[in-house]
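# Results of the structural survey
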Amino acid sequence: MSREISRRRFLSQSAAAAAAVALGSKSFAQGRNLPPAEILLTAAPGSAQILPGDPTPINRFTAKETTPARGIVGRPGDSFLGPTIRVQKGQRLRVLFVNNLDNKSIVHWHGLDVPEASDGHPRFAVDPGETFWYDFTVINRAGTYWYHPHPDQITGPQVYSGLAGLLVVSDDEEASLPLPQNRADIPCVIQDRVFNTDNSLVYETGGREGFLGDVVLVNGKPSPNYYVGTRCYRLRFLNGSNSRIYKLAWSDGTPMDVIATDGGLLEAPVSKPYVMLAPGQRVEVWADFRNRQVGEVVTLKSLEFSGAGLFGGALPQGHPFDLMTFSINRQEFDNLSLPKKLAPFERYDPTKAVNYKNPRVFDIVPNAGMWLFNNLPFEMENVSENEIVRRGDLEIWEFKNTWPGMKMAHPIHLHGPNFQVVERTIDPAYQSSYNNVKDGYVDEGIVDTVMLMPGETIKIAIRWDNFAGLFLYHCHNLEHEDRMMMRNFRILP
Ligand code: C2O
Ligand code: CU
Ligand code: CU
């Protein structure tokens, strides 16, 4: 048992010790004392049992720790997903990516602030049979991050074919909080797929609007049931779908107690009637089953909403369905209850932004069957005047989804540091569809992806503290991303 693990056990048992843990630099020391994690990460064709009957041909990430095993690599059950990579804040991660696919690829660490050479930009994509080295220190807060391919114009099909995995960061601050752990800490990766009658995957690239599946999988299984005890659980949801947006809610109307977003824990839990989860986003929910009866079944649904686009297909965007169930099958005891305070972070003051009076504007514009930022298509190496920022600056960026007649929601994602939502405004003409999603935005947290409904304008605050270089911003509707809804921005040193 490593020193670190025994220390964490001790902390979780001792409230006095927990109270003594200082924040900030000390939580960095935690990972710095660990040896670097070194992983061999391979993407290759394989198959997985998803539906009854024939296995489904897929692509999958597999990983091997090449340093002495410390349990960094795990799997979210028996699924086609890549292994869950578990690291400490402050820990150095070295990954040798091996591309054994039949097409070029590169891996991006979604949500992590890393040097440009390790960010998985499409300009670094490697051909089949080739490898790529990543080497970076994890500086993000504890939270639920993920990794997926990012090659130019084929990110959508590669993610869809099975290439995605979670990267869970822990730190001392999180360890000092009384949160559900181990078997009570359940990742739920949500993805939708279409299957042929022989159980192979269907991916049509025809539509410009995006791709929706009609079978919704959680951790690689259609509408799974999880057996749980009468205790509290930490559910980590990732929307790993290409285009589908979920409106997550408990079927019996119990509010969703949200404890974390993309960039980790909130300052305090927030209670929402439902939670909107657009592609790329994560949200963590505290599920309290202490007052449930053994034998009870709790259903997590995606509720109905409208006005976000993608009206066609067998399961159109916004149609309701049951996502998964939790069957209470045992009496259990834990002494946890939803904490009143979670993990504080620096809240950006927008009036301190260098461009507070004159935010950078990114207008989402339809053009020749695509959506573009400021009418510019993706260019591998180029940036415009409007896409150059300075390291250390706090800025306001404004994204506008207000083009006349716009009927499509867009989840906007930035590489590099995470950001905070400052303000949303909605064009009154779109108010009615907005009303059925707005109470499910979790804008209280640190995020790397935000959803914009048609008619919506959003202002975010962002500061580039760490790395200069060329990074991406794009729509995380992967079909939009693959069709030019992606641009670079440059962080000057
Ligand atoms: Cu999860 Cu650039 O993407
Ligand atoms: Cu990303
Ligand atoms: Cu989009």
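Residues numbered from 1 in each chain as written. Chains lettered and ligands numbered in written order. Predicted model: local features only at pLDDT ≥ 70, side-chain atom pairs only at ≥ 80, totals over all residues. Heavy atoms only, no water.

### Observations concerning the overall build of the protein chain
Looking only at helices and strands, the protein chain has 7 helices and 32 strands in total. A globule of 493 residues ought to have a C-alpha radius of gyration of about 23 Å, and the protein chain, at 21 Å, matches this closely. Across its three principal axes, the protein chain shows a C-alpha extent of roughly 60 × 50 × 50 Å. Expressed as a percentage of the 493 residues in the protein chain, the buried residues total 59%. Roughly 18,600 Å² of accessible area belongs to the protein chain as shown, and the carbon and sulfur atoms make up 51% of that amount. (Helix = DSSP H or I, 4+ residues; strand = E, 2+ residues; numbered from the N terminus. Rg over C-alpha atoms; globule rule 2.2 N^0.38 Å. Buried < 20%, exposed > 50% of the residue type's maximum accessible area, 1.4 Å probe, protein only. Areas by Shrake-Rupley, 256 points an atom, 1.4 Å probe, with all protein chains shown as cover.)

### Some remarks on the domain arrangement of the protein chain
When its domains are assigned, the protein chain resolves into domain 1 (2-175), domain 2 (182-330) and domain 3 (350-492). Across the boundary between the two partners, domain 1 contributes 27 residues, which contact 27 residues of domain 3. At the boundary of domain 1 with domain 3, total buried surface from both sides reaches about 2,000 Å², with 58% on carbon and sulfur atoms. At the boundary of domain 1 with domain 3, the tally comes to 0 salt bridges. Every element with two or more residues in the side of domain 1 that touches domain 3 is listed here: β6 (107-110), β8 (143-149) and α4 (155-160). Examining the composition of the side of domain 1 that touches domain 3, we find that 4 residues originate from one element, α4, more than from any other. (Domains from an automatic or database assignment. Contact = heavy atoms within 4.5 Å. Buried area = accessible area lost by both parts, 1.4 Å probe. Salt bridge = Lys/Arg side-chain N within 4 Å of Asp/Glu carboxyl O.)

### Some points on the pattern of salt bridges
Considering all chains together, one arrives at 32 salt bridges under this definition. For Lys272, the salt bridge is made with Glu444, and the minimal N-O distance between the two is 3.0 Å. With a gap of 172 residues between them, Lys272 in strand β18 (residues 264-272) and Glu444 in the loop between α6 (431-435) and β29 (449-452) connect regions that are remote in the sequence. Between Glu332 and Arg330 there is a salt bridge whose closest N-O contact spans 2.4 Å. Classification of Glu332 as partly exposed rests on a relative accessible area of 27%.

### Here's the deal with the coordination of the copper ion (ligand 2)
Those protein atoms acting as donors to the copper ion (ligand 2) are His108 (NE2) and His413 (NE2), and they sit at 1.9 Å. Taken as a pair, His108 in strand β6 and His413 in strand β27 (residues 410-414) lie far apart in primary sequence, 305 residues in all. For the residue pair His108 and His413, the accessibility class agrees, reading buried in each case. (Donors = N, O, S within 2.8 Å, 3.2 Å for Na, K, Ca; no water.)

### A few points about unusual backbone geometry
The phi dihedral of Asn199 falls on the positive side, at around 75 degrees, and the residue is not glycine. Here Asn199 is to be found in the loop between β10 (185-195) and β11 (201-202). Judged by relative accessible area, which is 8%, Asn199 ranks as buried. Located in the positive-phi region is Leu310, a residue other than glycine, with phi close to 55 degrees.

### Overview of the sheet that holds strand β25 (residues 388-390)
The strand order across the open sheet formed by 5 strands is β25-β32-β31-β27-β29, and the pairing between neighbours is mixed. Two strands in the sheet have a free side with no partner beyond their single neighbour: β25 and β29. Mean inter-strand twist for the sheet, computed between neighbouring axes without regard to direction, equals 25 degrees. Examined bridge by bridge, β25 and strand β32 (residues 486-492) share 3 bridges and lie parallel to one another. Note on β32: the bridge partner recorded for Arg390 is Leu492. (Pairing = 2+ DSSP bridges. Axes fitted to C-alpha atoms, helices over the stretch in contact; angles between N-to-C directions.)

### A look at the coordination of the copper ion (ligand 3)
Each donor-metal-donor angle in an ideal tetrahedron of four donors is 109.5 degrees, and each such angle in an ideal octahedron of six donors is either 90 or 180 degrees. Protein coordination at the copper ion (ligand 3) comes from His410 (ND1), Cys475 (SG) and His480 (ND1), with a distance range of 2.0 to 2.1 Å. When its relative accessible area of 0% is taken as the criterion, His410 is described as buried.

### Focus: the pairing of strand β15 (residues 232-239)
The buried count for β15 comes to 8 of 8 residues, which makes it a mostly enclosed element. Side chains of β15 alternate between two faces, with Cys232, Arg234, Arg236 and Leu238 and Tyr233, Leu235, Phe237 and Asn239 buried alike. Sheet analysis places β10 next to β15, joined by 6 bridges and oriented parallel. Across the sheet, Cys188 pairs through a bridge with Phe237, a residue of β15.

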